[in-house]
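What follows is each chain in one-letter form.
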Amino acid sequence: MTLKNSEQLSEFADEGILITGGGSGIGASLVEAFAEHGAKVAFIDINEAAGRKLAETLSLRTRHPVSFVHADLRDQSQLERAVADAAGATGGIKVLINNAAWDDRHDIDTVTSDYWDQNHAVNLKPVFFVTQAALPHLRQARGASIINFSSISYLLNMGELPAYTAAKAGIVGLTKSLAGRLGREDIRVNAVLPGMIVTERQKQLWLTDDSISQTVARQCLKRALTAEDLVGPCLFLASSASAAMTAQTIIIDGGLL
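First, a word on what this report is: a plain description of the structure on this page.

Conventions we followed
Residues numbered from 1 in each chain as written. Predicted model: local features only at pLDDT ≥ 70, side-chain atom pairs only at ≥ 80, totals over all residues. Heavy atoms only, no water. Helix = DSSP H or I, 4+ residues; strand = E, 2+ residues; numbered from the N terminus. Pairing = 2+ DSSP bridges. Axes fitted to C-alpha atoms, helices over the stretch in contact; angles between N-to-C directions. Contact = heavy atoms within 4.5 Å. Phe/Tyr/Trp six-rings, centres within 6.5 Å; stacked < 30°, edge-to-face > 60°. Buried < 20%, exposed > 50% of the residue type's maximum accessible area, 1.4 Å probe, protein only. Patch = residues over 30% accessible without salt bridge, like charges linked within 9 Å, V, L, I, M, F, W, Y side chains within 5 Å. Areas by Shrake-Rupley, 256 points an atom, 1.4 Å probe, with all protein chains shown as cover. Salt bridge = Lys/Arg side-chain N within 4 Å of Asp/Glu carboxyl O. Parallel < 35°, antiparallel > 145°, perpendicular 65-115°, else oblique. Nonpolar A, V, L, I, M, F, W, Y, C, P; charged D, E, K, R; others polar. Core = buried A, V, L, I, M, F, W, Y, C linked by side-chain atoms within 4.5 Å. Right-handed = clockwise from strand over helix to strand, strands pointing away.

## A word on unusual backbone geometry
Of all residues except glycine, most have a negative phi; of all peptide bonds, most are trans. Notably, Asp 186 is not glycine yet its phi reads approximately 60°, a positive angle. You can see Asp 186 is positioned in the loop between α6 (162-182) and β6 (187-194). In this structure, Ala 247 takes a positive phi of about 60° despite not being glycine. As for its placement among the helices and strands, Ala 247 is situated in the loop between α9 (231-238) and β7 (249-252).

Put into structure tokens, the structure is as follows:
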């Protein structure tokens, strides 16, 4: 049985889904998957050209038009407007996926206070404030689900991105706190921790054939993971199949050793 069969996840049909950072990479794969399951999908991204192109392309073949909202989530007023516009476009929000991130490499000796704040303004702060802004809509849905994207990077002693890994560790703590608060309102909150996901951006900026091969050699599954490998876990966490799951983390890393 595969989660890619739309008949098995027809519960998403006509439901409102909001995804941050949906213009490329993992986010774009999630936008496409939920839209193809008949959901009313809106996504927020800072890259206007990529966002508009994706929305236009997908809308040609999906049950509902895919809505792109351009915003810089570092700006609180833009964030609040974007969530409101997304909810208006989808008629409500039942599933929120906090995916937006910035995994810029940085060294301890060069990090400034301003850089640290900017890094967390992308990687940690919006997870809370997008959730806060979406809450009125999530509260109106039955069995709403929030999925936060963390990372296994903070578990691996990776020394070249301390601000990022601090934020990703913080997301796990935030996930558990939000789950504790929102469970009484039948809103579930879980986190996904991807391993090395090979996207075009990663290949352009950080990954080489050698580094990919070295990581794959450490995985139980001997293949490179792609953005599509995050689709199934997110469909599961968004669906009633995980109705009793909250405050949990799921690691998707191919069994990295």
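## With respect to the sheet that holds strand β1 (residues 16-20)
The parallel open sheet is built from seven strands, whose spatial order is β3-β2-β1-β4-β5-β6-β7. The strands lining the two open edges of the sheet, one partner per strand, are β3 (67-70) and β7. The sheet shows a mean angle of 20° between the axes of neighbouring strands, taken without regard to direction. As paired strands, strand β4 (residues 95-98) and strand β5 (residues 144-149) are joined by four bridges and run parallel to one another. Across the sheet, the residue bridging to Leu 96 is Ile 146, located in β5. Where α9 meets the sheet, it contacts β4, β5, β6 and β7, and its direction lies at approximately 145° from that of β5.

## Notes on the packing of aromatic side chains
In total, this model carries four aromatic pairs according to the counting rule given. On the basis of an interplanar angle of 75° and a centroid distance of 5.2 Å, the ring pair of Phe 12 and Phe 34 is categorised as edge-to-face. Within this pair, whereas Phe 12 is found in the segment before β1, its partner Phe 34 is found in helix α1 (residues 25-36), the two being separated by 22 residues in sequence. Residue Phe 34 is classed as buried on the basis of its relative accessible area, which comes to 1%. Measuring from ring centre to ring centre gives 5.6 Å for Trp 102 and Tyr 115, while their planes differ by 55°; the resulting arrangement is tilted. Separated by 13 residues along the polypeptide, Trp 102 in the loop between β4 and α4 (113-123) and Tyr 115 in helix α4 bring together distant segments of the chain. Residue class for Trp 102 comes out partly exposed when judged on its relative accessible area of 27%.

## Brief notes about a nonpolar patch on the surface
On the surface, a cluster of nonpolar side chains totalling about 240 Å² of accessible area is made up of Leu 155, Leu 156 and Ile 251. Residue position: Leu 156 is located in the loop between β5 and α6. Of the residues examined, Leu 156 reaches a relative accessible area of 35% and is grouped as partly exposed.

## Considerations on the pairing of β4
Of the two faces of β4, the one holding Val 95 and Ile 97 and the one holding Leu 96 and Asn 98 are both buried throughout. Pairing of β1 with β4 involves three bridges; the strand directions are parallel. Paired with Ile 17 across the bridge in β4 is Val 95.

## As for the packing of α4 against helix α5 (residues 125-138)
At a minimum axis distance of 4 Å, the contact between α4 and α5 shows a crossing angle of 40°. As the angle between them shows, α4 and α5 are arranged oblique. Only Lys 125, Pro 126 and Val 127 of α5 make contact with α4, whose side of the interface consists of His 120, Ala 121, Val 122 and Asn 123. Considered class by class, the residues forming the contact of α4 with α5 number four nonpolar, two polar and one charged.

## Notes on the nonpolar core
Of all hydrophobic cores here, the largest spans 34 residues; its most connected members are Ile 19, Phe 34 and Phe 149. At the level of secondary structure, the elements contributing two or more residues to this core comprise β1, α1, β2 (40-45), α2 (48-59), β4, β5, α9 and β7. Per-element tally for this core: the top contributor is α1, with seven residues. Those residues within four positions of Phe 34 in sequence are excluded, and the remaining contacts are Phe 12, Ile 17, Ile 19, Ala 39, Val 41, Ile 97, Cys 234, Leu 235 and Ala 238.

## Here's the deal with the pairing of β1
The element β1 is extensively covered by neighbouring structure, given that five of its five residues are classed as buried. Neither face of β1 is open: one carries Gly 16, Leu 18 and Thr 20, the other Ile 17 and Ile 19, and all of them are buried. Across five bridges, β1 lies against β2 in parallel orientation. Paired with Gly 16 across the bridge in β2 is Lys 40. With respect to chirality, the unit in which β1 leads through α1 into the neighbouring parallel β2 is right-handed.

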